[in-house]
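Architecture and fold: a report
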Amino acid sequence: MVSRVLVLTGLLLASVPAAAAVLAIVVDELQVEMGKYLDVRIVYDGEVGVGRADLRQWADDFFVDRRDTASESLVSGEIRTTERVRLYPRDVGDWVLERIALGGAVAGPLRVEVTPTVRDGIDGTPRWLPAPQQVWQGQSFEVGVELALLHPSNQIAVEEPEFAGFDVQTLPREQVAGPGGGQVRLRWRLTAREKGDHQIAPPAMEQRGRGRWRFHLRPRAVQVLPLPSYLPPSVPVGEVTLHAEMTEVEGEPHWQVSVLNRGQLPESVYGMRSMLAAAAGSSVDAVSVSSVELDVAAGTSVQRYRVPVPAWLAGWGTGPQLELRYFDADQGRLATLQARLPLMWRVPPPFAYVLLAIAVVMLATVVKILLRPARRWLSIRHLRRSLRGAADVHAIRRLLLDSGGHVSLGAWAAAQPDGAAVDLAERINAACFSPRGSQDVATLREALRVVRPV
Amino acid sequence: MILYWREPAWFWVSLLPLLPMLWTFLRHRSIWMRMVDPSLRPWVEAQARQGHHKTGQVALGISWLLLCTALAGPRTPRLIPPAVQPDAAVIAVVDLSASMAARDVRPDRRRHAQAMLDDWVAQLPASLRIGVVVYAGHAHRLLPPTADQELVRHFVRELDSIRLPTLGNDLGDALRLASESLAGADTPGGRHLLLISDGDLGPDAQRAAETAVGEWLPSARIRLHVVGVGGAEAVGVPRTATEPLVIDGERIVSRRDARWLRAFAGRVDGDYHPAEAIVGWPLGRVLGLPGPHIDPADNDRVLWDEWFGLPLLAGIVIFVMASSGKRAGSGARATAVAALIAVLSGGCGREVLVDASGDQARAALDLGDYTRARSLYAGRDGYDARFAEGVACYRLADFPCALQAFAAAAWQAPDDTARGRAAFNLGNTHFRLGDFEEASVLFAEAGKLGVSPELTAINREFADSLAATVRRHLADVAETQRRADWRAAAREMPEVMRDRLAEGIRLSTRFAGPAALAVLSADELSLLVARGIERHRDGRGGASAPGRHWVKSEGTVAPEGTAGLFNRLLPMEVGILSVPGEPYRIEGSRPW
């Protein structure tokens, strides 16, 4: 540990002429903990004042926080320009502050040791969660950082995230129980907007409470592949599902198609409006498109398309088919989804009334047609039952005469289609009126089994 | 199209058969009355009628009617001289905003609008005067209303080359300009404003246009007709032939806003037509102009299309069939007679076009006549046509055209194999345009879709290699720049430079004290000086720089044509004194 040691790096003074300007990098320590910063002063002594040094070569390993710049005139007539810079390490390890040059002078390099943030055996150094290194343009994916709270009372504060070339959604942070204050996972859902090679860096994070640490992690490389150029921009990218249903809007039945994507959806999915309009036989303007609803927690987007159901629709068979094309980011190719619109019976009200009237007339006709044979069948059934229950032959004769209002059994027999009825009538007459008549009633009943009222 | 008659009096002749029919009826009636008791007549007449052939009589009647129609001489006007119809004026207001470059109609919205106008002007009635106003960020009047068809056609054909100096959608200003152009026109036939746009203006411009249309058109008694160009689905707006328009990282998409266009036309009782619904319509029909009333005295001044041949032919065929009865071969004879008559009479002088473009296009492609093949395939739809068009464009090294055609083919492909072929060729096109990352992606997809893995692997490897080379080159440039900056900062400032800087320090008073300069490094100052020198050398330092002279040159430049002239003049109209390389964005206005 180097403590409070003024390290003046005049090592490179030998490389410049004696009368030339002098540049120095002044630091208090050469060791720093993750979350803390190196307080660096860049001191330039020269005949004229200078601006700021170019510190781009430090930016890979350290986040450079430029503070103030001050100039003063020295007794020698030179001007001293001092700039204060805070360097936040991006990762644990040994790093080198590369040589810098300013106004004809050169200073550095310096070796700096960065140690992890450990308290009470808890390592509070933030770490990237696993994330894809190659994604498709338009694809959504999650990135995250995990860090341990060094004390239960500590809090994590995060700056507003900015990922150049990506759309960002901040996801709810997760707290995982563990030693100390447990682990905190900070996550963001990114949607790649611009193709090419990108460096994504999480926003600055601060752990506050028992101590204060500010973390600037090293950016990660993400390659964003361009989508095949033949895809219209409004083709969704990701993992899309399609659902069709019937719904009512202000009392009118509508077809509603929901497009759900694990990722973003365009303002209007390519082809959906036209297909729905064609299925409903209406114009494209009749299709209403809802705004995209985001479910941040689930990482999904939903959009609903509605169109009034056609005035005439038959409820049988299969409904019109919808086809949605999307770019499957997992497969890396165009994919197609299909869904069928549900059916229902639908007829315009005036026509419905006409159809109802026709149905009533048809029903009445059918009833009228069926009523006559039904009555006939009932009367036959009633006569036969009465004949079976008749006490004697006189009762049988009376029933036969009453069945058709006949004056005699001869008239009854003449009305019967069966020629055997004449013989039967004679036998009944004989049984009723002949002194020799001793016809068996059971035999007569058997003979009258198929009799019909005429 | 109104039908006229050469000799309408011949229709009276069609009534002639009624006279013999009446005479026959009366004669039969008197005979029956003499021969049969009235109470027995129904039975006797019914028996007698069974021998008659009613169908034959009806056919003869129809034949007679058709022949009388032919004698009356049906015809339609092909060319009506100006003196025969009233004068009308129309201003075509054409949207030339960036969204009109979208390619959801072929070849794109802007050129589709141009082609529509060109067709209309080609068959423009001489009584109709037409002018042209274009707009994007500002509106410009290209042509006041004129009846000179050739002049209008010339301006319409230049539309594609005209580059407006500003971006945006100032339709309101265009309506003002158009109504002012029409205000002075003395037109008994009416004043019309024909707006050709995709309606994709943005909310602010739409509101401004809605205000303007109510303010300018009704008072000038101008009737509004709106023609919507574009598709119902959102498509990408291209910035160039090969690059999409991307603003603030967002790829800009556009679709025809038919709902707004219809509502917009409805605000002043105008009418709205989707472009695809009025294909083949003459301009007079689009504008709802009444058909010209041709006085019989003017018949000789009109050029007619005669249509008497059609009823004549039909009449003869029906007559022959009816007179032949049910004899075998009567139909064939009738057809032969009709054909003979058609040949002898020369039909009705109507030109018949035979569409055999498919075979011709294929033959042209096979024979290597790619220009002709491209032209023929461009007029056809479907995957095969787009693919063949792409091949023709690629062979002609017209890569933007090939890009569009292969992309359309890949999207319209009926199956994966076809899509793979289109994607592979699309990859080749991107490769030739230097877009190696896109080419690599397409080669990979083509491999998944059934194109030979060896072929796609070779091409992909080549594309990846070149993409890596480009990246390395760009990285080298950046690294070289960084090292140069470092070396410049590490070197002692030359004395002469210090003098310059000393002079420069005096400028610090402009930045409220020396502190402003203290934050500028020597490198930054030297960079500023270098930029100043560069700016001066490029002549971008301002036209007011003293001592500038025009140097006489022996070199000649090709004439720029009307569009080139307008491209120089239109910026001046809006106060831009130089010709901008790219159109200017207007603060607060949507740039597409």
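Calculation criteria
- Residues numbered from 1 in each chain as written.
- Chains lettered and ligands numbered in written order.
- Predicted model: local features only at pLDDT ≥ 70, side-chain atom pairs only at ≥ 80, totals over all residues.
- Helix = DSSP H or I, 4+ residues; strand = E, 2+ residues; numbered from the N terminus.
- Buried ≥ 20, exposed ≤ 12 C-beta atoms within 10 Å, placed from the backbone.
- Contact = placed C-beta atoms within 7 Å.
- Pairing = 2+ DSSP bridges.
- Axes fitted to C-alpha atoms, helices over the stretch in contact; angles between N-to-C directions.
- pLDDT = per-residue confidence, 0-100.
- Nonpolar A, V, L, I, M, F, W, Y, C, P; charged D, E, K, R; others polar.
- Core = buried A, V, L, I, M, F, W, Y, C linked by C-beta atoms within 7 Å.
- Parallel < 35°, antiparallel > 145°, perpendicular 65-115°, else oblique.
- Left-handed = near helix turned anticlockwise from the far one by under 90°.
- Expected span 1.5 Å × (residues − 1).

**Side note on the overall build of chain A**
- Within chain A, the secondary structure is distributed over six helices and 31 strands.
- Counting all 454 residues of chain A, 31% fall into the buried class.

**Looking at the overall build of chain B**
- Helices and strands together make up the secondary structure of chain B, namely 23 helices and 13 strands.
- Each of the 592 residues in chain B was classed as buried or not, and the buried ones make up 37%.
- Contacts in chain B between residues far apart in sequence, at least 24 positions, make up 73% of those at least 6 positions apart.

**Notes on the sheet that holds strand β24 (residues 237-238) of chain A**
Residue and element names in this part refer to chain A.
- With mixed pairing, three strands are arranged side by side in an open sheet as β24-β30-β31. This sheet does not close on itself; its edge strands, each paired only once, are β24 and β31 (333-340).
- Sheet topology places β24 next to strand β30 (residues 321-328); two bridges connect them, and they run parallel. Residue pairing for β30: Val 237 is matched across the bridge by Phe 327.

**With respect to the sheet that holds strand β23 (residues 220-225) of chain A**
All names here are of chain A.
- Across the sheet, three strands lie side by side as β14-β23-β20; this open sheet has mixed pairing. Single-partner strands in this sheet number two, and they are β14 (134-136) and β20 (196-200). Between one strand axis and the next, the sheet turns through 35° on average, direction left out of account.
- Judged from the three bridges that link them, β14 and β23 form a sheet pairing that is parallel. Residue pairing for β23: Gln 134 is matched across the bridge by Gln 223.

**Here's the deal with the confidence of the model for chain B**
- Confidence in the prediction of chain B, expressed as mean pLDDT, is 81, and 80% of residues score 70 or more.
- Note that residues 531-547 of chain B has pLDDT below 50 and, in this model, three contacts with residues that lie over four places away or in other chains.

**A short note on unusual backbone geometry**
- Across the junction of Gly 108 of chain A and Pro 109 of chain A, the peptide omega takes the value 0°, indicating a cis bond.
- With respect to the helices and strands, the residue Pro 109 of chain A is situated in the loop between β9 (105-107) and β10 (110-115).
- Across the junction of Arg 106 of chain B and Pro 107 of chain B, the peptide omega takes the value -10°, indicating a cis bond.
- Within the secondary structure layout, Pro 107 of chain B lies in the loop between β3 (88-95) and α5 (109-122).
- Positive phi, close to 50°, is recorded for Asp 120 of chain A, a residue that is not glycine.

**A word on the interface of chain B and chain A**
- With 36 residues of chain B at the interface, the matching set in chain A holds 37 residues.
- For the side of chain B that touches chain A, the element with the highest residue contribution is helix α18 (residues 436-448) of chain B, accounting for six residues.
- When grouped by side-chain class, the residues that make up the side of chain B that touches chain A number 20 nonpolar, four polar and 12 charged.

**A look at the nonpolar core**
- Ranked by size, the top nonpolar core spans 159 residues in total, and within it Leu 276 of chain A together with Ala 92, Val 93 and Val 133 of chain B carry the most contacts.
- Here Val 133 of chain B is in contact with Ile 91, Val 93, Ala 139, His 140, Arg 141, Leu 142, Ala 174, Leu 177, Ala 178 and Ser 181 of chain B, once residues within four sequence places are set aside.
- Ala 24, Val 27, Ala 148 and Val 184 of chain A belong to the second largest nonpolar core, which has 43 residues in total.

**Observations concerning the packing of helix α3 (residues 393-404) of chain A against helix α5 (residues 420-433) of chain A**
Residues and elements named next belong to chain A.
- Viewed as axis vectors pointing N to C, α3 and α5 meet at an angle of 135°, and their least axial separation amounts to 9 Å. Classified by the interaxial angle, the pair formed by α3 and α5 is oblique. Regarding α3 and α5, the two cross each other, and that crossing is left-handed. Touching Val 393, His 394, Ile 396 and Arg 397 of α3 are Ile 428, Ala 431 and Cys 432, all from α5.
- Here the residues of the contact of α3 with α5 are counted per class, giving five nonpolar, one polar and one charged.

**Quick notes on the confidence of the model for chain A**
Residue and element names in this part refer to chain A.
- Mean pLDDT for chain A: 87, with 94% of residues reaching 70 or above.
- Considering each helix and strand of chain A separately, the mean pLDDT is smallest for strand β1 (residues 7-8), with a value of 44, and largest for β14, with 95.
- Predicted confidence is poor over residues 1-18, with pLDDT under 50, and the contacts of this stretch with residues over four places away or in other chains come to 23 contacts.

**As for the environment of Leu 175 of chain B**
All names here are of chain B.
- Mapped onto the elements of the fold, Leu 175 is located in helix α7 (residues 171-183).
- Each C-alpha atom of the pair Leu 175 and Ile 91 lies 9.7 Å from the other, and the pair is 84 residues apart in sequence.
- Beyond its immediate stretch of four places on either side in the chain, Leu 175 contacts Ala 209, Ala 212, Val 213, Trp 216 and Leu 217.

**What to know about helix α4 (residues 54-72) of chain B**
All names here are of chain B.
- The end-to-end C-alpha distance of α4, which contains 19 residues, comes to 27 Å, matching closely the 27 Å that a straight helix rising 1.5 Å per residue would cover.
- Along α4, the residues that are buried comprise Ser 63, Leu 66, Leu 67, Thr 69, Ala 70 and Ala 72.
- Where the residues of α4 are buried, they touch β1 (4-5), α1 (10-13), β2 (74-79) and α11 (309-324).

**With respect to helix α15 (residues 383-395) of chain B**
- Taking 1.5 Å per residue, 13 residues should reach 18 Å; α15 of chain B reaches 18 Å between its end C-alpha atoms and fits that length.
- Those residues of α15 of chain B that sit buried are Ala 385, Arg 386, Phe 387, Ala 388, Glu 389, Gly 390, Val 391, Ala 392, Cys 393 and Tyr 394 of chain B.

**Considering the environment of Phe 566 of chain B**
Residues and elements named next belong to chain B.
- Along the chain, Phe 566 turns up in helix α23 (residues 561-573).
- A residue is classified by how many C-beta atoms lie within 10 Å of it, and Phe 566, with 22 of them, is buried.
- Apart from residues no more than four positions distant in its own chain, Phe 566 is found in contact with Leu 142 and Ile 162.

**Some words on the pairing of strand β5 (residues 62-73) of chain A**
Residue and element names in this part refer to chain A.
- With 10 bridges connecting them, β5 and strand β6 (residues 79-89) associate as antiparallel partners. Within β6, the position partnered with Ser 73 by the bridge is Ile 79.
- The turn linking β5 back onto β6 is made up of five residues, and Gly 77 within it adopts a positive phi angle of 95°.

**Focus: the packing of α4 of chain B against α11 of chain B**
Residue and element names in this part refer to chain B.
- Two numbers describe how α4 lies on α11: the axes approach to 8 Å, and their chain directions differ by 155°. Judged by the angle between their axes, α4 and α11 are roughly antiparallel. Note on packing geometry: the crossing formed by α4 with α11 is left-handed. Seen from α4, the contacting residues are Gly 56, Ala 59, Leu 60, Ile 62, Ser 63, Leu 66, Leu 67, Thr 69 and Ala 70; seen from α11, they are Pro 311, Leu 312, Ala 314, Gly 315, Ile 318, Phe 319, Met 321 and Ala 322.
- Here the residues of the contact of α4 with α11 sort into 13 nonpolar, four polar and no charged.

**Some points on the environment of Val 224 of chain A**
Residue and element names in this part refer to chain A.
- Among the secondary structure elements, Val 224 is positioned in strand β23.
- Looking at Val 224, the number of C-beta atoms within 10 Å reads 22, which means it is buried.
- On a C-alpha basis, the gap between Val 224 and Glu 194 in space is 7.2 Å, while along the polypeptide they are 30 residues apart.
- Sequence-distant contacts of Val 224, that is, excluding residues within four places in its chain, are made with Val 135, Gln 137, Ala 192, Glu 194, Lys 195, Gly 196 and His 198.

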